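# Remarks on the overall topology
Here is how the chains run, residue by residue.
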Amino acid sequence: MSTKAETSMTVVREPTRAAMGQRAGTHAGQILRAALRNGGRARVMLAAAPSQSATLAALARAEGIDWARVELFHMDEYVGLPPGAPQGFATWLVTNFVRHTPDATFHRIDPGTDPYAEAERYKVLLGTEPFDLVLLGLGVNGHLAFNDPPADFDDPMGVRVVTLDTASRRQQVEEGHFATLDDVPTTAVTVTIPRLLNADVVIASVPGRAKRIAVRQTLGEAIGPMHPGTALRRHPGVTLYLDAEADPR
Ligand SMILES: O=C(O)[C@H](O)[C@@H](O)[C@H](O)[C@H](O)COP(=O)(O)O
């Protein structure tokens, strides 16, 4: 079932995480096929997180996509992880998606020893053209990418180095990516909200009980920096996919 009741964005509710992912991934496949038909090539921005797993699995199974004409970007990466660390977002994406679409070109963020230079490089790489498709999730604190509250809604920089808040870092421990809070890096490179939402279509996949409050705030609070997800309501092409656990109704 889908409604436009709470906001300008379409909300699609499915009973399970698997059904949510199947529906969102099928939608993503349709958008991608249309973009390739119309433009010859497509640029896709991806979040790298468990909330995206079912959606990305369904997208990887979608038929009729010439991945050789697709460029994949990701929206954030920790600073300070050892090379090849399993918690790295680029590594996560390769394991969970890119290895199933080997013909696609995947542009990694690699903060290395100079995250500021890497932010600049990635900004130039992204350019100013809208993405054809963005697949994203929502943090427990309502963040988009690693834009924790208070998030800058007007930052024209495109890609920046940020300090992570404790809620974001704790989420990583709770999901089992790190043993303790001290193990979670304190900084990251992230694409800013204005650059992220410079896109034709945005598909948000948000399953799980832990996200229910963030979903409620995203749909119901005044649009503003304390609830970064509310920025989605300014975009005309967002569909929010929820499972029953994340649904605040
Ligand atoms: O992973 C990313 O690329 C983003 O940093 C982040 O915005 C993420 O999509 C949400 O925090 C949801 O993450 P979970 O799926 O881990 O809950």
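A quick note: this is a predicted structure, and the numbers were derived from the prediction, not measured.

## Here we look at the overall build of the protein chain
Secondary structure assignment for the protein chain yields seven helices and eleven strands. A compact globule built from 249 residues would reach a C-alpha radius of gyration of about 18 Å, and the protein chain, at 17 Å, matches this within 12%. For the protein chain, long-range pairs separated by at least 24 residues make up 78% of all intrachain contacts whose partners lie at least 6 apart in sequence. When the accessible area of the protein chain is evaluated, it comes to approximately 10,600 Å², of which 52% is carbon and sulfur surface. Of the charged side chains in the protein chain, 25 are positive and 28 negative, and the gap between their average positions amounts to 6 Å.

## Notes on empty space enclosed by the protein
Counted according to the given criterion, the structure contains one cavity of 30 Å³ or more. In this structure, the largest cavity occupies an estimated 280 Å³ of space. What lines the largest cavity is a set of 23 residues, among which Ala-48, Ala-49, Phe-89, His-143 and Gln-172 lie closest to the centre. Residue assignment for the lining of the largest cavity shows that the elements contributing at least two residues are helix H3 (89-96) and helix H5 (166-174).

## Considerations on the layout of surface pockets
If you add up the space inside the largest pocket, you get close to 300 Å³. Leu-81, Pro-82, Pro-83, Gly-84 and Asp-110 are the residues nearest the centre of the largest pocket, which is lined by 17 residues in total. Of all elements in the fold, only strand E5 (76-78) and H3 reach the threshold of two or more residues within the lining of the largest pocket. Each residue belonging to the lining of the largest pocket can be placed in one class, and the counts come to nine nonpolar, five polar and three charged. Roughly 150 Å³ of internal volume is contained in the second largest pocket.

## Section: the site of the ligand
Lining the immediate surroundings of the ligand are 16 residues, of which Ser-51, Asp-76, His-143, Glu-175 and Lys-211 lie closest. His-143 places a polar side-chain atom, nitrogen or oxygen, 2.5 Å from an oxygen atom of the ligand. Separating an oxygen atom of the ligand from a backbone N or O atom of Ala-145 is a distance of 2.9 Å. In the complex, the protein chains occlude 97% of the 410 Å² of accessible area that the ligand would expose alone. In this structure the site holding the ligand corresponds to the largest cavity. By residue class, the composition of the shell around the ligand is eight nonpolar, five polar and three charged.

## Notes on unusual backbone geometry
In this structure, Pro-150 follows Pro-149 across a cis peptide bond, with omega equal to -5 degrees. Relative to the helices and strands, Pro-150 resides in the loop between strand E7 (131-136) and strand E8 (159-163). With a phi close to 50 degrees, Ala-145 is a non-glycine residue in the positive phi region.

## Quick notes on the packing of aromatic side chains
Here the structure, examined in full by the defined rule, presents seven aromatic pairs. Geometrically, the ring pair formed by Tyr-78 and Phe-89 is tilted, given 4.9 Å between the ring centres and 50 degrees between the ring planes. Remark: Phe-89 occurs in helix H3 and Tyr-78 occurs in strand E5; sequence separation between them is eleven residues. Assessed through its relative accessible area of 7%, Phe-89 is described here as buried. Seen in terms of ring centroids, Tyr-78 and Phe-146 are 5.7 Å apart; in terms of plane orientation they differ by 50 degrees. Their pairing is tilted. Here the residue Tyr-78 occupies a position in strand E5, and Phe-146 occupies one in the loop between E7 and E8, the gap between them amounting to 68 residues. Each member of the pair Tyr-78 and Phe-146 is classed as buried. What links up through ring pairs into an aromatic cluster is the set Tyr-78, Phe-89, Phe-146 and Phe-178. The positively charged end of Arg-195 is found above the aromatic ring belonging to Phe-131, 4.3 Å away from the centroid.

Thresholds, definitions, all that
Residues numbered from 1 in each chain as written. Predicted model: local features only at pLDDT ≥ 70, side-chain atom pairs only at ≥ 80, totals over all residues. Heavy atoms only, no water. Helix = DSSP H or I, 4+ residues; strand = E, 2+ residues; numbered from the N terminus. Rg over C-alpha atoms; globule rule 2.2 N^0.38 Å. Contact = heavy atoms within 4.5 Å. Areas by Shrake-Rupley, 256 points an atom, 1.4 Å probe, with all protein chains shown as cover. Lys, Arg positive; Asp, Glu negative; His and termini not counted. Charge placed at Lys NZ, Arg CZ, Asp CG, Glu CD. 1 Å grid on protein atoms, 1.4 Å probe; cavity = no way out; pocket = protein on both sides within 12 Å on 5 of 7 lines; lining within 4 Å. Points joined across faces, edges and corners; volume = space filled by probe spheres on them. Nonpolar A, V, L, I, M, F, W, Y, C, P; charged D, E, K, R; others polar. Near = heavy atom within 4 Å. Polar contact = N/O pair within 3.5 Å; in protein donor to acceptor, adjacent residues only side chain to side chain. Sits in = over half its atoms within 2 Å of the grid points. Phe/Tyr/Trp six-rings, centres within 6.5 Å; stacked < 30°, edge-to-face > 60°. Buried < 20%, exposed > 50% of the residue type's maximum accessible area, 1.4 Å probe, protein only. Lys NZ or Arg CZ within 6 Å of the ring centre and 35° of its normal.

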